[in-house]
Amino acid sequence: HSATSCFTGGEYGKKAKKKSAEVDGEGSAVEEKKMVKSELAVAFPPTFSVSEIKNKQRRHFMFMKLKQEKRKQKMQLRKKRRKEREALGDKAPPKEVPKTIENQRVYDETTVDPEDEEIAFDEGTDEFSAYFNGLTNPKVLITTSDRPRGRTVRFCEQLATVIPNAHVYYRRGLALKRIIPQCVARNFTYLMVINEDRQVPNGMVLCHLPNGPTAHFKVSSVRLRKEMKRRGKNPTEHYPEVILNNFTTRLGHTIGRLFAALFPQEPHFVGRQVATFHNQRDFIFFRFHRYIFKNEKKVGIQELGPRFTLKLRSLQKGTFDSKYGEYEWVMKRHEMEACRRKFQL
């Protein structure tokens, strides 16, 4: 009996100590919360720096509070400006243009002037001049890396429905250097190679025949037709219009002409189809739409697919030659992406 009483007494002592420790812990936690609240209530001094706070939890609280204060100030300033504009009416000053990376872009010396005679002469004698002078018609061969998987195969088949006069052939271990002379002999004007990684399309080699140039792109964000919501019916065989946006530099102009030469110059407006290459911050977004005319004044667009994004990796003179090829431009990531406001295309 004495042994059990001693045991219960020891256990009771431990429980009492545990409870007192819990009470002390709760008390310290409550005090800490009160302290944080009192600190948050104080206005932030101009020299305040959140990084000086050592406690991680308190630093997070203060950072969130600082963001909240800045948001409140921004909303108050916006309301004040709105009231001033309503009070002034027509005499109100024009709205400020918001600062974006695009309108703060660093000036590029190679930006193309449409009236420049030298550029006009260069374009009149370059590799694409035969196409723009109407001497050749586009004929495209689309192929893949060895043993393509289902997603890459479907992507190539859908590209062939977008680009007129495109033919899909699968490589059977043939090197590109052997394929190019065969394409030239069969009057193909383009060789397009779709590469894949882990069963997903991740690269595109676009080679203009017979004399080049050759561009290598990284492919991302591929969406096939079945993966798109609210898409229209499959495209028809009409030649689409081509829209090229924001290809302003000499390099961008070359890439734009490379894309333009994929499609016939005389679009069939009856088909109401349009292929768009939109360049934004050196990312080229491809979309394929159809116009939907609602009445004489209103028109809508219906996406047909597929859609994907391209990023230029290199531009090579002549046809594809990985060993002895002369590169006109190569993407050097750490050098070229140091300034976020400088673009190459």
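An unreviewed UniProt entry lists the protein under the name Ribosome production factor 1, with Oreochromis niloticus as the source organism. What UniProt records for the protein under Function (unreviewed entry) is the sentence "May be required for ribosome biogenesis." UniProt, in the comment section headed Subcellular location (unreviewed entry), describes the protein in these words: "Nucleus, Nucleolus".

Draft legend 1. Summary view of the overall build of the protein. A tally of helices and strands in the protein yields 8 helices and 11 strands. Here the protein holds 345 residues, and 33% of them are scored as buried. The contacts in the protein between residues at least 6 apart in sequence include a share of 63% that link residues at least 24 apart. With an accessible surface of roughly 23,600 Å², the protein has 52% of that area assigned to carbon and sulfur atoms.

Draft legend 2. Quick peek at the packing of aromatic side chains. Here the structure, examined in full by the defined rule, presents 9 aromatic pairs. Between Tyr131 and Phe132, the aromatic rings sit 4.9 Å apart at their centres with planes inclined by 80 degrees, giving edge-to-face as the arrangement. A relative accessible area of 7% means that Tyr131 is categorised as buried. Relative to Phe293, the ring of Tyr291 lies with its centre 6.1 Å away and its plane at 45 degrees, an arrangement referred to as tilted. The exposure class of Phe293 is exposed, given its relative accessible area of 55%. The rings of Phe155, Phe217, Phe247, Phe259, Phe263, Phe277, Phe286 and Phe308 are connected pair by pair, giving a single aromatic cluster. When the ring centre of Phe188 is taken as reference, the NZ or CZ atom of Lys139 above it lies at 4.6 Å.

Draft legend 3. View of the pairing of strand S10 (residues 307–316). The element S10 is largely enclosed, with a buried count of 8 among its 10 residues. Summarising the sheet, strand S8 (residues 283–293) and S10 pair through 4 bridges and their orientation is antiparallel. Considered in S10, the bridge of Phe285 is made with Thr309. Here S10 runs beside strand S11 (residues 327–330); their pairing, made up of 3 bridges, is antiparallel. Looking at S11, one finds that Leu315 is bridged to Trp329.

Draft legend 4. Quick look at a positive patch on the surface. Residues Lys74, Arg78, Lys79, Arg82 and Lys83 make up a contiguous surface patch of positive charge. Tracing the sequence through the fold places Arg82 in helix H2 (residues 56–88). Taking relative accessible area as the criterion, Arg82 reaches 47% and is therefore assigned partly exposed.

Draft legend 5. Structural detail: empty space enclosed by the protein. Under the defined criterion, the tally for this structure stands at 2 cavities of 30 Å³ or more. One number sums up the size of the largest cavity: a volume of about 70 Å³. Taken together, 13 residues form the lining of the largest cavity, with Ile163, Met192, Leu262, Phe277 and Phe308 sitting closest to its centre. Elements represented by at least two residues in the lining of the largest cavity include exactly helix H5 (150–162), strand S4 (200–208) and S10. Residue composition of the lining of the largest cavity, grouped by class: 13 nonpolar, no polar and no charged. Reported here for the second largest cavity is a volume of approximately 60 Å³. Lining of the second largest cavity is provided by Leu251, Asp282, Lys311, Leu312, Trp329, Met331, Gln344 and Leu345. Of the residues that constitute the lining of the second largest cavity, the class distribution is 5 nonpolar, 1 polar and 2 charged.

Draft legend 6. Representation of the pattern of salt bridges. Throughout the structure, instances matching the rule amount to 9 salt bridges. Ionic pairing is found between Arg281 and Glu102, a salt bridge with its closest N-O pair at 2.7 Å. You can see Arg281 sitting in the loop between strand S7 (273–280) and S8 and its partner Glu102 sitting in the loop between H2 and helix H3 (117–124), a full 179 residues away along the chain. In this structure Glu102 comes out as partly exposed when scored by relative accessible area, which is 31%. The shortest N-O distance in the salt bridge between Lys177 and Asp321 comes to 3.2 Å. Here the residue Lys177 occupies a position in helix H6 (residues 176–185), and Asp321 occupies one in the loop between S10 and S11, the gap between them amounting to 144 residues. Owing to a relative accessible area of 44%, Lys177 belongs among the partly exposed residues under this scheme.

Draft legend 7. Spotlight on H6. Where H6 is concerned, the buried positions are Leu176, Ile179, Ile180 and Cys183. Along the axis of H6, the buried residues cluster in a sector spanning 105 degrees; they form a single face. Structural note: H6 exposes Arg178 and Ala185 on the side pointing more than 90 degrees away from its buried face. Of the surrounding secondary structure, the elements contacted by the buried residues of H6 are strand S1 (140–144), strand S3 (190–197) and S4. Where H6 terminates, the next one or two residues include Asn187, which has phi positive at roughly 65 degrees.

Draft legend 8. Region of the structure containing the environment of Met192. One can find Met192 in strand S3. The sequence separation of Met192 and Met204 amounts to 12 residues, and the corresponding C-alpha distance is 6.9 Å.

So, how was this worked out
- Residues numbered from 1 in each chain as written.
- Predicted model: local features only at pLDDT ≥ 70, side-chain atom pairs only at ≥ 80, totals over all residues.
- Heavy atoms only, no water.
- UniProt positions renumbered as here; feature names shortened; annotations may be inferred.
- Helix = DSSP H or I, 4+ residues; strand = E, 2+ residues; numbered from the N terminus.
- Buried < 20%, exposed > 50% of the residue type's maximum accessible area, 1.4 Å probe, protein only.
- Contact = heavy atoms within 4.5 Å.
- Areas by Shrake-Rupley, 256 points an atom, 1.4 Å probe, with all protein chains shown as cover.
- Phe/Tyr/Trp six-rings, centres within 6.5 Å; stacked < 30°, edge-to-face > 60°.
- Lys NZ or Arg CZ within 6 Å of the ring centre and 35° of its normal.
- Pairing = 2+ DSSP bridges.
- Patch = residues over 30% accessible without salt bridge, like charges linked within 9 Å, V, L, I, M, F, W, Y side chains within 5 Å.
- Salt bridge = Lys/Arg side-chain N within 4 Å of Asp/Glu carboxyl O.
- Lys, Arg positive; Asp, Glu negative; His and termini not counted.
- Charge placed at Lys NZ, Arg CZ, Asp CG, Glu CD.
- 1 Å grid on protein atoms, 1.4 Å probe; cavity = no way out; pocket = protein on both sides within 12 Å on 5 of 7 lines; lining within 4 Å.
- Points joined across faces, edges and corners; volume = space filled by probe spheres on them.
- Nonpolar A, V, L, I, M, F, W, Y, C, P; charged D, E, K, R; others polar.
- Arc of directions from axis to C-beta.

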